[in-house]
Each structure stands twice: as C-alpha cells, then as structure tokens.
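These are the residues of each chain, in order.
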Amino acid sequence: MGRYSEAKIISERLDEYYRNGLSIQHMGYNRSMVTDLLLLLADAKISMNDWSGAMQAYKNLIDKDISATQQRKSSMGLCRCLFELGGYYHAIDSGKYALDVDRHYPGVHKQGRII
C-alpha cells in the first residue's frame, strides 16, 4: 500500500470519527500521538502533491498545546504548502514563525541561516 492509500484511509477514518462526535483520543491515543499522526498525514499528503489537504492538516495544529518540535514541523510544513499554492507572503510569515520557535526552545535543533 502506497502513501496515497495510507493517507486516504487515515483521512477517511478521521472524518468518520469527527462525524460521530468522537476524537482520536477515543482510540486510545494521547495528545502527542495524535499530533504526530496529523503530522504524518500532512507529510503523506505533501508526497501526493495534495497541498491543500496538507495545509488543512497543518492548520489543525495551529494554536494547539504541542511540543516545540511539533510546532516547528507544522509551521515549516504550512510554509511549504503556502509557497506551493502561491501564498508567498503568508509562507514567509509561517517560515519566520518556525525559525522563532527554533530560537526560543534550546532543545530543538537549530536550523541554518536563511539567505
């Protein structure tokens, strides 16, 4: 099964849970695991060039109580989606936010300087 099939199955299951008023936590996942699952789903959608779908997955993580590493990953993913969809100024803002997160959390890997 390819990434497209996996992403489609995960997306369909999530939609079914949400339609039934449930959340992923009902499946026994903790908050960090849910975030990691959403990041994997977004990455799979990027692999399929589904920029709008990936952007929505990343946006679902905005303003959530997630780790600095997860914040950076979601911001950088959102930055790439926005860039690919032509939202260049928003992409710059998202990228700047990701770099700020990187600077404020010493445990997070430092990214290179943008030239």
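Preceding block: the structure.
Rules of the game
- Residues numbered from 1 in each chain as written.
- Predicted model: local features only at pLDDT ≥ 70, side-chain atom pairs only at ≥ 80, totals over all residues.
- Heavy atoms only, no water.
- Helix = DSSP H or I, 4+ residues; strand = E, 2+ residues; numbered from the N terminus.
- Buried < 20%, exposed > 50% of the residue type's maximum accessible area, 1.4 Å probe, protein only.
- Areas by Shrake-Rupley, 256 points an atom, 1.4 Å probe, with all protein chains shown as cover.
- Polar contact = N/O pair within 3.5 Å; in protein donor to acceptor, adjacent residues only side chain to side chain.
- Contact = heavy atoms within 4.5 Å.
- Core = buried A, V, L, I, M, F, W, Y, C linked by side-chain atoms within 4.5 Å.
- Expected span 1.5 Å × (residues − 1).
- Axes fitted to C-alpha atoms, helices over the stretch in contact; angles between N-to-C directions.
- Parallel < 35°, antiparallel > 145°, perpendicular 65-115°, else oblique.
- Left-handed = near helix turned anticlockwise from the far one by under 90°.

(A) Structural detail: the overall build of the protein chain. Secondary structure summary: the protein chain contains 5 helices and 0 strands in total. Across the protein chain, helices and strands are ordered from the amino to the carboxyl terminus as α-α-α-α-α. Taken over 115 residues, the protein chain has a buried fraction of 37%. Accessible surface computed for the protein chain: about 7,800 Å², of which carbon and sulfur atoms make up 52%.

(B) Representation of unusual backbone geometry within the structure. Positive phi is not limited to glycine here, since Asn49 has a value of about 60°. Looking at the element boundaries, Asn49 is found in the loop between helix 2 (31-47) and helix 3 (51-59). We classify Asn49 as exposed; its relative accessible area is 53%.

(C) Representation of the environment of Asp43. Inspection of the secondary structure puts Asp43 in helix 2. In this structure Asp43 comes out as partly exposed when scored by relative accessible area, which is 32%. A polar atom in the side chain of Asp43 sits 2.8 Å from the side chain of Tyr58.

(D) Inspection of the side chain of Ser74 at higher detail. Inspection of the secondary structure assignment puts Ser74 in helix 4 (residues 68-84). With residues up to four places along the chain from it excluded, the contact list for Ser74 reads Leu39, Tyr58, Leu61 and Ile66.

(E) Region of the structure containing the nonpolar core. Counting 17 residues, the largest nonpolar core has Ile46, Tyr58 and Cys81 as its most contacted members. If you list the elements that add at least two residues to this core, you get helix 2, helix 3 and helix 4. The contacts of Ile46, once residues within four sequence positions are left out, are Trp51, Ala54, Tyr58, Arg80 and Cys81.

(F) Spatial organisation of helix 4. Its 17 residues give helix 4 an end-to-end C-alpha distance of 24 Å, which sits within 8% of 24 Å, the value for a rise of 1.5 Å per residue. Listed as buried for helix 4 are Ala68, Gln70, Gln71, Arg72, Ser74, Ser75, Gly77, Leu78, Cys79, Cys81 and Leu82. Looking at the residues trailing helix 4, positive phi occurs at Gly86, about 90°.

(G) Geometry of the packing of helix 3 against helix 4. At a closest axis distance of 9 Å, the pairing of helix 3 and helix 4 adopts a crossing angle of 150°. Of the possible angle classes, the one that applies to helix 3 and helix 4 is roughly antiparallel. The handedness of the crossing between helix 3 and helix 4 comes out as left-handed. Counting all contacts with helix 3, which are made through Trp51, Ala54, Met55, Tyr58 and Lys59, the residues of helix 4 involved are Lys73, Ser74, Gly77, Leu78, Arg80, Cys81, Leu82 and Glu84.

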